[in-house]
Amino acid sequence: MSCSDCDRAVQAACAACGGTVRSVVCLGDRPLANALLTSRHDEVLRYPLHVVQCAACKAVQLITQVSPAVLFGGYPYYSSQSLTMCDSAGQLVNRLCDDWALGRTHHAVEIGSNDGYLLAHYAHRGVPVLGFDPADGPADVAEARGVRTERVFFDADVGHAHAGCASIVHANNVLAHVPNPSSVIEGVAAMLRPGGLFVIETPWLRALLHACEFDTIYHEHRWYWSLTALRPLLRSHGLTIDAVELLPIHGGSLRVFASRSMSGQNASVPEHDIDTMLDSFALDVDDHVAELSAWWAELQEHGEVAGYGAAAKATMLCTAAGLSPSFVVDSTPAKQQRWMPDVDAQVVSPSELTRRQPANCVIFAWNFAAEIAAKARTYVDNGGALWVPMPHPSKVSR
Ligand code: TYD
Ligand code: ZN
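Summary of the structure given here. Here the structure is a predicted model, which is why all the values come from computation and not from measurement.

Here the focus is the coordination of the zinc ion (ligand 2). Those donors, C3 (SG), C6 (SG), C26 (SG) and H50 (ND1), are the protein atoms that reach the zinc ion (ligand 2), and they lie 2.1 to 2.4 Å from it. If you look at the zinc ion (ligand 2), its 4 donor atoms make angles of 99 to 118° with each other, and the shape they trace is tetrahedral. Each donor residue of the zinc ion (ligand 2) lies on one chain, and together they are spaced C-x2-C-x19-C-x23-H. With a gap of 47 residues between them, C3 in the segment before strand 1 (21-31) and H50 in strand 2 (residues 46-54) connect regions that are remote in the sequence. Comparing C3 with H50 shows no difference in burial state: the two are buried.

Laid out in structure tokens, this is it:
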């Protein structure tokens, strides 16, 4: 595999610290995973997808930054489409409100607040909220449910403009997306009141490598975080890690609690094998792609194969392994009737699954397999077979 930035991969400087980088894997020039087409033959723009690791700060990253305005302009992602996400956010918020006795005199802030799926839980508990998110569609939904939202890309300047406003700041699935994580963390540190808490959730690099979740590598995900890389970055802005939890969400995520307290307990998780896994990752991806292509060819012998979930990772999986679903169902209205780039499959409503009743259906949004399998019961009762592609192709049993 090669991309138009392969030459740069050995000369580029780390976007976090300026250190020298080494190549991890090249996934070629690929379409933007969330740039669904309005009509089937729209032009598809492709950008290099090449992962490197910094020798100095260990941050794993893409060498090419696609402009955030291009990446997130018409962002069709609505967090509330996934019950799993809302439940997880609700549980966390309730726990934090109880443990920290949060109420009217406090202030909860989220960067990348999307449609308000998390802050709405604080509002419900009477805690004043403020979200930052540049995507208009989701921000409209957030405002409609009472979550005040500033429509900007959050950075140090925005944070300083709100200095000292926050008792608690959440960055849920956002540190992977930002062009300049150091600027974001500086902004968060500025917003925190004395004794304030910073809660980060982000996909964990070790989980990605361990299960070879190469479909979660796409242009929106500029960074693939380990605690090893996150810790010095937080420390450079005066924040210490107080506690870490590992979550199953998104194929394995880190939840990090940080604050300005000097009593940081230096919480840790096992990451000693990450470098070895990075060494073999490119070969692991090749093996995995070969396995997926062979499995798909077998499914196709039995007739139509559909997909469930027009997730970003669906575009990546299909384009990497040459999978060609007849159609893909997704509950997000903004995605329906559009086409997945370079996949030639239309996104339609989940009701199409039972109407067309294809022999096989693959849950591309495998991180929500349980939730989706429950919704696809009628399809299975009518004789359809439901599959997950990751970590290896397997049939979903009832
Ligand atoms: P997701 O896995 O969140 O994202 P990514 O784009 O980061 O890979 O995408 C899940 C997609 O699946 C999203 O478009 C919504 C859709 N979905 C359904 O259609 N039905 C469901 O029950 C769930 C949970 C998700
Ligand atoms: Zn390359």
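Read on for the rest.
Of all the residues in helix 8 (residues 227-235), the buried ones are L227, A229, L230, R231, L233 and L234. Those residues of helix 8 that are buried are in contact with helix 6 (181-191), strand 8 (192-203), strand 10 (240-247) and strand 11 (253-259).

What follows concerns the pairing of strand 5 (residues 129-132). Along a regular strand, successive side chains alternate from one face of the sheet to the other. Residues of strand 5 alternate between two faces, with V129 and G131 on one and L130 and F132 on the opposite face, all of them buried. Bridge count for strand 4 (residues 108-111) against strand 5 is 4 bridges, and the pairing is parallel. By the bridge assignment for strand 5, V109 is matched with L130. Once you follow strand 5 into helix 4 (residues 136-144) and on to strand 6 (residues 149-150), the crossover reads as right-handed.

With that out of the way, let us pick up the site of ligand 1. Within the structure, ligand 1 sits among 17 residues, and A312, K313, D330, K335 and K375 are positioned closest to it. A distance of 2.8 Å is found between an oxygen atom of ligand 1 and a side-chain nitrogen or oxygen belonging to Y218. Taking 570 Å² as the accessible area of ligand 1 by itself, protein coverage stands at 96%. Mapped by element, the contributors of at least two residues to the shell around ligand 1 are helix 10 (312-321) and helix 12 (369-375). The greatest single-element share of the shell around ligand 1, amounting to 3 residues, is contributed by helix 12.

Further remarks concern the packing of helix 9 (residues 274-300) against helix 10. Their axes nearest at 9 Å, the elements helix 9 and helix 10 cross at an angle of 85°. Classified by the angle between their axes, helix 9 and helix 10 sit roughly perpendicular to one another. Contact with helix 9, carried on its side by V289, L292 and S293, involves L317, A320 and A321 of helix 10 and no other residues of that element. Per-class residue counts for the contact of helix 9 with helix 10 are 5 nonpolar, 1 polar and no charged.

The rules behind each value
Residues numbered from 1 in each chain as written. Chains lettered and ligands numbered in written order. Predicted model: local features only at pLDDT ≥ 70, side-chain atom pairs only at ≥ 80, totals over all residues. Heavy atoms only, no water. Donors = N, O, S within 2.8 Å, 3.2 Å for Na, K, Ca; no water. Tetrahedral: all angles 85-135°; square planar, octahedral: opposite > 155°, others 65-115°. Helix = DSSP H or I, 4+ residues; strand = E, 2+ residues; numbered from the N terminus. Buried < 20%, exposed > 50% of the residue type's maximum accessible area, 1.4 Å probe, protein only. Contact = heavy atoms within 4.5 Å. Pairing = 2+ DSSP bridges. Right-handed = clockwise from strand over helix to strand, strands pointing away. Near = heavy atom within 4 Å. Polar contact = N/O pair within 3.5 Å; in protein donor to acceptor, adjacent residues only side chain to side chain. Areas by Shrake-Rupley, 256 points an atom, 1.4 Å probe, with all protein chains shown as cover. Axes fitted to C-alpha atoms, helices over the stretch in contact; angles between N-to-C directions. Parallel < 35°, antiparallel > 145°, perpendicular 65-115°, else oblique. Nonpolar A, V, L, I, M, F, W, Y, C, P; charged D, E, K, R; others polar.

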